[in-house]
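Summary of the model geometry
Letter by letter, the chains look like this.
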There are 2 protein chains.
Amino acid sequence: MSKALPSRSENYSEWYNELVKRADLAENSAVRGCMVIKPYGYSIWEKMQRALDDMFKETGHSNAYFPLFIPKSYLSKEAAHVEGFAKECAVVTHYRLKQDENGKGIVVDPAAKLEEELIVRPTSETVIWSTYKNWIQSYRDLPLLINQWANVVRWEMRTRLFLRTAEFLWQEGHTAHATAGEAIAETKQMLEVYATFAEEWMALPVLRGVKTPNERFAGAIDTYCIEALMQDGKALQAGTSHFLGQNFAKAFDVKFQDRDGKLEHVWGTSWGVSTRLMGALIMAHSDDSGLVLPPKLAPIQVVIVPIFKNEEQLEQLRARVSDIVKELKKRGISVKFDDSDANKPGWKFAEYELRGVPVRLALGMRDLENGTVEVARRDTKTKETVPLEGIVEHLSTLLDDIQQAIYDKAFAFREANTTPVNSYEEFKEVLDGKGGFVLAHWDGTSETEDKIKEETKATIRCVPLNAPEEPGTCVYSGAPSARRVVFARSY
Amino acid sequence: MSKALPSRSENYSEWYNELVKRADLAENSAVRGCMVIKPYGYSIWEKMQRALDDMFKETGHSNAYFPLFIPKSYLSKEAAHVEGFAKECAVVTHYRLKQDENGKGIVVDPAAKLEEELIVRPTSETVIWSTYKNWIQSYRDLPLLINQWANVVRWEMRTRLFLRTAEFLWQEGHTAHATAGEAIAETKQMLEVYATFAEEWMALPVLRGVKTPNERFAGAIDTYCIEALMQDGKALQAGTSHFLGQNFAKAFDVKFQDRDGKLEHVWGTSWGVSTRLMGALIMAHSDDSGLVLPPKLAPIQVVIVPIFKNEEQLEQLRARVSDIVKELKKRGISVKFDDSDANKPGWKFAEYELRGVPVRLALGMRDLENGTVEVARRDTKTKETVPLEGIVEHLSTLLDDIQQAIYDKAFAFREANTTPVNSYEEFKEVLDGKGGFVLAHWDGTSETEDKIKEETKATIRCVPLNAPEEPGTCVYSGAPSARRVVFARSY
Ligand SMILES: [Zn+2]
Ligand SMILES: [Zn+2]
C-alpha cells in the first residue's frame with residue numbers, strides 16, 4: 001500500500017485497473033492480453049469455483065476434461081460457430097523449435113509443420129460434440145451432463161484485467177438430451193444456478209433474460225443470460241446458458257436410438273461463467289478505499305490487529321486472541337491474526353481495507369482490561385465496541401448481516417438505476433445522464449437494434465424472463481412492441 | 001462391459017490400454033496425442049487434486065495462475081532449459097483464421113502473423129520467473145511459495161493414455177528463497193509431500209531419491225524424485241522436485257536486498273506431479289478383472305446391489321438400504337445403490353469390479369430375513385456374510401483395512417522385486433528375468449550410465465536418499481563406488 005487509489009468519480013476505469021493491481025488480484029503479463037492471476041485474486045476465484053462446482057454436482061453434472069487443441073476442420077463444421085470464433089483465435093502451426101543455422105538463436109523448425117493447424121480452444125463445443133458421437137448410441141446414454149474447468153483463448157484486441165483477456169479461466173457445461181424440452185429445461189436450470197450463485201455468493205443482483213438474435217452465441221438457438229449493473233451505470237454479462245437445438249448434433253452427426261428404435265439427433269446445451277465474474281465482483285461493490293468482498297467469497301473474513309507498545313503487551317494480547325482464533329476456525333470462519341511488527345496498525349488498517357476483508361478487530365491493552373474489542377465493518381466503514389464475551393457469536397451473525405447488506409446495497413443501486421423510458425429522446429437522456437438499465441419498447445428487428453447501437457453505443461442486454469406483457473411502441477421506429485426490453489451500455 | 005479384458009500375463013500393455021478405456025477413465029481424442037479424461041477417470045483425478053492441494057496449503061503454499069503462452073525468447077534465456085524443451089513444443093504463429101478467397105474453406109490469415117512466436121507452456125519456469133522479477137525486491141518478499149494447477153503441452157511422438165500424452169494436467173510449484181539451504185529444504189519437503197501422498201492416498205510405496213545428472217530436469221541443479229514399481233517390473237517416475245539453484249534467478253535477473261542491504265540472486269525450486277499418477281495408480285494395483293482402487297481415491301467406495309424378483313421385493317430392500325446409505329454418507333463414505341432393472345446382478349458385479357469399487361454389498365430377500373448381507377472385497381475378491389446390525393461400523397473399518405492391504409501388497413511386490421546384483425552378468429539376468437528394481441554399484445560417470453542404457457535399456461532411476469554407505473565396484477567398469485543405485489527399465 002502506497003498512495004491512495006484514484007477515486008471512482010474521478011476516473012472509474014483507472015480506479016478499477018489500479019484496484020486490481022494494488023489489491024494483488026491480477027496483473028498483465030509479458031504476453032499480450034494474458035493476465036497473471038495473483039495468489040490473493042486466485043483464492044477468491046477458488047472460492048467461486050468450489051461453490052459453483054458443488055452446485056453443478058448437486059444438479060447431476062460430472063466433470064471431465066477435453067483437449068486444449070481443436071483441429072481447424074472441426075471449427076468449420078458448424079457454420080455460425082466458425083463465423084463467430086475464427087476471427088480471434090490462436091493457431092498452432094508447428095511442433096518444434098531448433099537452433100538457427102545462422103546463429104540467430106532459437107527458431108521455428110520449418111520441417112515440423114503440422115498437416116492441419118490446431119486452434120487453441122476458444123470454447124469446446126466442436127471437440128466435445130465430436131467425442132459425444134462415440135459416447136451416445138441409445139436413449140439410455142442420455143442425458144449426458146458434463147462440465148469442464150479449463151482455460152480458453154480468444155485473441156481480443158482490447159483487453160482489460162478479468163473483464164476481457166486473451167486467455168481466461170472458465171467452466172463450460174456441455175449436455176446432450178433426448179428431447180428439445182429437456183434441453184431447454186437444462187438451459188434454464190443452469191441459468192438459475194448462475195443467478196443463485198451471483199445473488200447468494202457474490203451478493204450481486206442479476207436480471208435473468210434471453211438475448212436477441214444479434215447477441216446470441218455463435219451456434220445457439222437461444223442464449224439465456226444473467227446481467228448485472230456496475231457502479232458506473234454499465235451492464236456486465238455475468239453468465240450465459242445456451243440452448244443449442246440440434247445444431248452441433250447435426251454438425252457432428254450425433255444420433256441416438258429412442259425407445260421406439262428410431263434414430264434421432266440429440267439436443268444440446270452449453271453454459272459458462274469465467275474469471276470475468278471476478279471483474280463483476282470487484283466493480284459492483286468496491287469503493288475508493290479498495291475492495292469490498294462479500295464474506296462468503298472473502299479469503300480472509302476476519303482480521304485481528306493487536307495494538308501494542310512492546311513484546312510483553314503483545315504476549316498478553318496473543319494469549320487472549322488465540323482462543324478467539326481457535327473458536328472462529330471451529331465455526332469455519334477464516335481469520336488472520338496480524339501480529340507482525342513490521343508495520344503500524346494504521347498501515348494494516350488501510351491494507352486490509354484495500355483487500356476487502358469484511359471485518360476488522362482491533363484489540364489493545366485498554367480493551368483487555370475492559371473486556372472489549374473494536375469491531376470495524378469494511379462495507380459501511382462503521383465501528384463499534386463490543387464485549388469480548390460472546391464475540392464469536394457476534395462475528396458469525398455480523399458476517400451474515402454484511403453479506404446481506406452488500407446485496408441490499410447493490411439491489412437498491414440497481415433499482416435506482418433502472419429507468420423505463422417512452423421516447424428515443426428520453427432514452428438518450430437517461431443513457432447519457434445516469435446510465436444504468438433502460439427499459440424501452442423495441443420493435444423486435446435487428447435493424448433497429450443495430451441503429452440504436454450505432455447511435456448510442458447501447459445494446460439490448462436481454463429480454464427479461466419475467467417481463468410483463470405491456471403493449472407499446474418502439475422508441476426508435478414507433479412500430480408496435482409487446483414488452484419492454486433492457487438496454488444499456490456494457491462491458 | 002462386454003468381453004473380458006486381456007490378461008496381464010498375456011499382454012500387459014494391451015491390458016492397460018483396454019482397462020483405461022473400458023473402465024471409462026480416458027480415451028484418445030481426434031487430436032494426436034491429446035486425451036479425453038472421462039468423468040469416472042476425472043473424478044479420481046479430482047480426489048487426487050483435493051488431497052494434494054490440501055497438503056500444499058498446509059505447507060504454506062498459495063495457488064495462482066500464469067499464462068498458457070510463453071514468448072519464444074523467454075524459453076531461450078536459460079540455456080539448459082531451452083535445450084530440454086525446444087524439441088517438443090506446440091508453437092502459435094498466427095492469431096486469426098479467414099475464409100479462403102478461392103473457396104478452400106477456412107485458412108490461416110497470413111496477415112495475422114505474430115511478431116514473436118508463442119510457445120504453449122511445456123512447464124512454466126520461464127514465464128513465472130519473469131513475473132517474480134517484479135514481485136521480489138527484498139528479503140521480506142521471501143520465501144515466495146506458489147503453486148499452479150494447469151495444462152501443459154509437450155509434443156511427444158509416442159503417446160500412451162495418462163503415462164505420456166501431448167497435453168496433460170498437472171500442478172507445478174515454483175518457489176523463491178533467500179538462501180540455498182532454504183531452497184533445498186523446500187525441495188526435500190515437497191518430495192516428502194509427494195511420497196506421503198503416494199503412500200497414504202495411492203497406497204503406492206515409493207523410493208525417494210536423487211536423479212543422476214543425465215536424468216535431471218533441464219535447468220535444475222538437483223532433481224529429486226519418487227519412483228514406483230509397476231506389476232510388469234518396470235519403474236515409473238511418479239513425481240519430481242527440483243532444486244534450481246540461482247539458474248532461473250540469473251536468467252531473469254531476479255535479485256533481492258538481504259538484511260544487510262546487499263543485492264543477491266534468489267534461490268529457486270520447482271516441483272510437479274501430473275495425470276501420469278493416474279497411470280501409476282491403475283498399473284500398480286489393478287488385476288485381470290479390472291481396476292483396483294484404494295478406498296481413499298475411489299469415487300464410489302461402496303456399491304449396494306439388490307437381488308430381487310419383482311418390484312415389491314425391491315421396495316422392501318430399498319426401505320432397508322436407504323438407512324444404510326444415509327448412515328454411510330453421514331460418515332463421509334461414498335455409496336451407490338444400484339437399483340436399476342436394466343441389468344442383472346451378475347452384470348453389475350462385473351461392472352463394479354471393472355471400475356474398482358472397493359466394497360460391494362449384495363442384499364436379497366433371504367438376507368433381509370436373516371438380517372445379513374454379503375460383503376465382497378474388490379482387492380482380494382473374498383466374500384463374507386455379515387450381520388446387517390453394525391454394518392456401517394464394519395464397512396468403515398473394512399475400507400481402512402483395504403487401503404492398508406493394497407499398500408501392503410504393493411510393498412511386498414516391490415520388496416520381492418528389488419534385487420541387489422554384483423556383476424553385469426547378474427544385472428542383465430535379473431533385468432531380463434523378473435525385472436524390477438536392480439540395486440547395483442555404479443562408477444558415477446555418465447559414460448557408464450549411457451553404455452548400460454544402450455545395452456540393456458535400463459536407466460538409473462535414482463540414488464536413494466536413504467542408501468547406506470557400502471563401498472563396492474561398478475558392475476560395468478569395475479571402478480570403485482560408494483553406494484548402490486537403483487536401475488530399472490521404466491515408463
Ligand atoms: Zn446427422
Ligand atoms: Zn542477474
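These numbers were taken from a predicted model, which means no experiment stands behind them. (Residues numbered from 1 in each chain as written. Chains lettered and ligands numbered in written order. Predicted model: local features only at pLDDT ≥ 70, side-chain atom pairs only at ≥ 80, totals over all residues. Heavy atoms only, no water.)

Through backbone hydrogen bonds, the strands of a sheet pair up, either in parallel or in antiparallel fashion. Judged by pairing direction, the sheet is antiparallel, and its six strands sit side by side in the order β4(A)-β8(A)-β5(A)-β5(B)-β8(B)-β4(B) without closing on themselves. This sheet does not close on itself; its edge strands, each paired only once, are β4 (69-71) of chain A together with β4 (69-71) of chain B. Across the sheet, the axes of successive neighbouring strands diverge by a mean angle of 45°, strand direction being ignored. (Pairing = 2+ DSSP bridges. Helix = DSSP H or I, 4+ residues; strand = E, 2+ residues; numbered from the N terminus. Axes fitted to C-alpha atoms, helices over the stretch in contact; angles between N-to-C directions.)

Chain A puts 61 residues into the contact, and the matching count from chain B is 61 residues. Interface area, chain A with chain B, both sides summed: about 5,100 Å², of which 66% is carbon and sulfur. Together, Y65(A), Y95(A) and L97(A) form the three largest contributors to the area buried by chain A at its contact with chain B, with a combined 13%. One can count two salt bridges joining chain A with chain B. For the interface between chain A and chain B, the tally reads 28 residue pairs in polar contact (both at pLDDT 80 or more). Top contributing element to the side of chain A that touches chain B by residue count: helix α2 (residues 39-58) of chain A, with six residues. Taken together, the residues of the side of chain A that touches chain B break down into 39 nonpolar, eight polar and 14 charged. (Contact = heavy atoms within 4.5 Å. Buried area = accessible area lost by both parts, 1.4 Å probe. Salt bridge = Lys/Arg side-chain N within 4 Å of Asp/Glu carboxyl O. Polar contact = N/O pair within 3.5 Å; in protein donor to acceptor, adjacent residues only side chain to side chain. Nonpolar A, V, L, I, M, F, W, Y, C, P; charged D, E, K, R; others polar.)

Residue and element names in this part refer to chain B. Protein-derived coordination of the zinc ion (ligand 2) comes from D253 (OD) and H265 (NE2), at a distance range of 2.2 to 2.3 Å. Here H265 lies in strand β15 (residues 263-265) and D253 lies in the loop between α7 (247-251) and β14 (255-257), a separation of 12 residues in the sequence. By relative accessible area, D253 is classed as partly exposed at 36%. (Donors = N, O, S within 2.8 Å, 3.2 Å for Na, K, Ca; no water. Buried < 20%, exposed > 50% of the residue type's maximum accessible area, 1.4 Å probe, protein only.)

Reference geometry at the metal: tetrahedral coordination by four donors gives ideal angles of 109.5 degrees; octahedral coordination by six donors gives 90 or 180 degrees. The zinc ion (ligand 1) binds to the protein through D253(A) (OD) and H265(A) (NE2), with metal-donor distances spanning 2.2 to 2.3 Å. By relative accessible area, which is 19% here, H265(A) ends up buried.

What follows covers the packing of aromatic side chains. All names here are of chain A. Taken as a whole and assessed by the stated rule, the structure comprises 41 aromatic pairs over all chains. When the centroid spacing of 5.9 Å and the interplanar angle of 35° are considered together, the rings of Y132 and W135 count as tilted. Within this pair, Y132 and its partner W135 are both found in helix α5 (residues 125-135), separated by three residues, close to a single helical turn. Residue Y132 shares its accessibility class with W135, and that shared class is buried. Three or more aromatic residues joined by ring pairs form one cluster here, namely W45, F56, W149, Y194 and W271. (Phe/Tyr/Trp six-rings, centres within 6.5 Å; stacked < 30°, edge-to-face > 60°.)

Another point: unusual backbone geometry. With glycine set apart, most residues show a phi of negative sign, and most peptide bonds adopt trans. The amide bond that connects L142(A) to the next residue, P143(A), takes the cis arrangement and shows omega of -10°. With respect to the helices and strands, the residue P143(A) is situated in the loop between α5 and β9 (144-153). Not every positive phi belongs to a glycine, and A203(A) is a case in point at roughly 60°. Position of A203(A) among the secondary structure elements: in the loop between α6 (180-200) and β11 (207-210). Of note in this structure, D24(B) is not a glycine but carries a positive phi near 60°.

The subject of this paragraph is the environment of T196(B). With respect to the helices, strands and loops of the structure, T196(B) is situated in helix α6 (residues 180-200). Note: C-alpha distance between T196(B) and M55(B) (141 residues apart in sequence) is 9.6 Å.

All names here are of chain A. Each assigned domain of chain A is listed with its residue range as follows: domain 1 (12-91 + 124-285), domain 2 (295-406) and domain 3 (418-488). On a C-alpha basis, the centroid separation for the pair domain 1 and domain 3 is 27 Å. Taken together, the 17 residues of domain 1 in the interface contact 18 residues of domain 3. Counting every contact that joins domain 1 to domain 3 gives one salt bridge. Between R461 and E227 there is a salt bridge whose closest N-O contact spans 2.9 Å. Summed over the shared surface of domain 1 and domain 3, the result is nine residue pairs in polar contact (both at pLDDT 80 or more). (Domains from an automatic or database assignment.)

Glancing now at the pairing of strand β24 (residues 459-464) of chain A. Residue and element names in this part refer to chain A. By the criterion of burial, β24 is predominantly enclosed, with six of the six residues buried. Here β11 runs beside β24; their pairing, made up of two bridges, is antiparallel. The residue of β24 that forms the bridge with V210 is V463.

Opposite charge on two side chains allows them to pair when their charged atoms are near. With the rule as written, the count across this model stands at 69 salt bridges over all chains. Among the salt bridges present, the one from E351(B) reaches R355(B), with a minimum N-O distance of 3.1 Å. Across this residue pair, the class does not change: E351(B) and R355(B) are buried. One connected set of salt bridges, linked through shared partners, spans D24(A), E27(A), K38(A), E351(A) and R355(A).

Residues and elements named next belong to chain B. Looking at where S241 falls in the secondary structure, it is placed in strand β13 (residues 235-245). Residue classification places S241 among the buried positions, given a relative accessible area of 0%. In this structure the C-alpha to C-alpha distance between S241 and G364, which are 123 residues apart in sequence, comes to 52 Å. Ignoring sequence-local partners within four residues, the contact set of S241 consists of T187, M190, L191, D222, T223, Y224, S270 and W271. Engagement of the side chain of S241 in a polar contact is seen with the backbone oxygen of T187, the distance being 2.7 Å.

Below, the discussion takes up the pairing of β13(B). All names here are of chain B. In terms of residue burial, β13 counts as a mostly covered element, since 10 of its 11 residues are buried. With eight bridges joining them, strand β12 (residues 222-229) and β13 adopt antiparallel strand pairing. Within the sheet, the bridge partner assigned to E227 lies in β13 and is Q237. Between β12 and β13, which pair antiparallel and follow one another directly, the connecting turn spans five residues, one of which, G233, has a positive phi of 85°. Of the strand pairs in this sheet, β13 and strand β16 (residues 267-274) are connected by five bridges, and their pairing is antiparallel. Bridge assignment links T240 to a residue of β16, and that residue is G272.

Right, let's talk about the UniProt feature "domain: Aminoacyl-transfer RNA synthetases class-II family profile" (unreviewed entry) in chain A for a bit. Residues annotated by UniProt as "domain: Aminoacyl-transfer RNA synthetases class-II family profile" (unreviewed entry) correspond here to residues 27-294 of chain A. Its end C-alpha atoms 22 Å apart, residues 27-294 of chain A is made of 29% helix and 32% strand. (UniProt positions renumbered as here; feature names shortened; annotations may be inferred.)

Two chain copies here: they are related by a rotation about an axis and a translation along the same axis. Overlaying chain A on chain B yields an RMSD of 0.0 Å, the required transformation being a rotation through 180° with an accompanying axial translation of 0.0 Å. These values place the two chain copies in the arrangement generated by a two-fold rotation axis. Taking C-alpha positions as the reference, the residue of chain A nearest the rotation axis is V92(A), at 2.1 Å. When you check the interface residues of chain A against chain B, 100% turn up at the interface there too, and the contact is symmetric in its surfaces. (Least-squares fit on C-alpha atoms with pLDDT ≥ 70 in both.)

The α-helix advances 3.6 residues per turn, and as a result positions three or four apart in sequence lie on the same side. Residue and element names in this part refer to chain A. A large share of helix α8 (residues 276-285) lies buried, amounting to 10 of its 10 residues. Every buried residue of α8 is listed here: R276, L277, M278, G279, A280, L281, I282, M283, A284 and H285. Where α8 is buried, its residues contact α1 (12-22), α2, α6, β13 (235-245), β16 (267-274) and α12 (391-416).

What follows covers a negative patch on the surface. Residue and element names in this part refer to chain A. A surface patch of like charges, here negative, comprises E447, D450, E454 and E455. Locating E455 in the fold gives a position in helix α14 (residues 446-456). Given the relative accessible area of 45%, E455 is considered partly exposed. (Patch = residues over 30% accessible without salt bridge, like charges linked within 9 Å, V, L, I, M, F, W, Y side chains within 5 Å. Areas by Shrake-Rupley, 256 points an atom, 1.4 Å probe, with all protein chains shown as cover. Lys, Arg positive; Asp, Glu negative; His and termini not counted. Charge placed at Lys NZ, Arg CZ, Asp CG, Glu CD.)

All names here are of chain B. At a minimum axis separation of 10 Å, helix α2 (residues 39-58) and helix α8 (residues 276-285) run at an interaxial angle of 110°. With respect to α8, the axis of α2 lies roughly perpendicular. Contacts from G41, I44, W45, M48 and L52 of α2 reach α8 at L277, M278 and L281. Looking at the contact of α2 with α8 residue by residue, the classes come out as seven nonpolar, one polar and no charged. (Parallel < 35°, antiparallel > 145°, perpendicular 65-115°, else oblique.)

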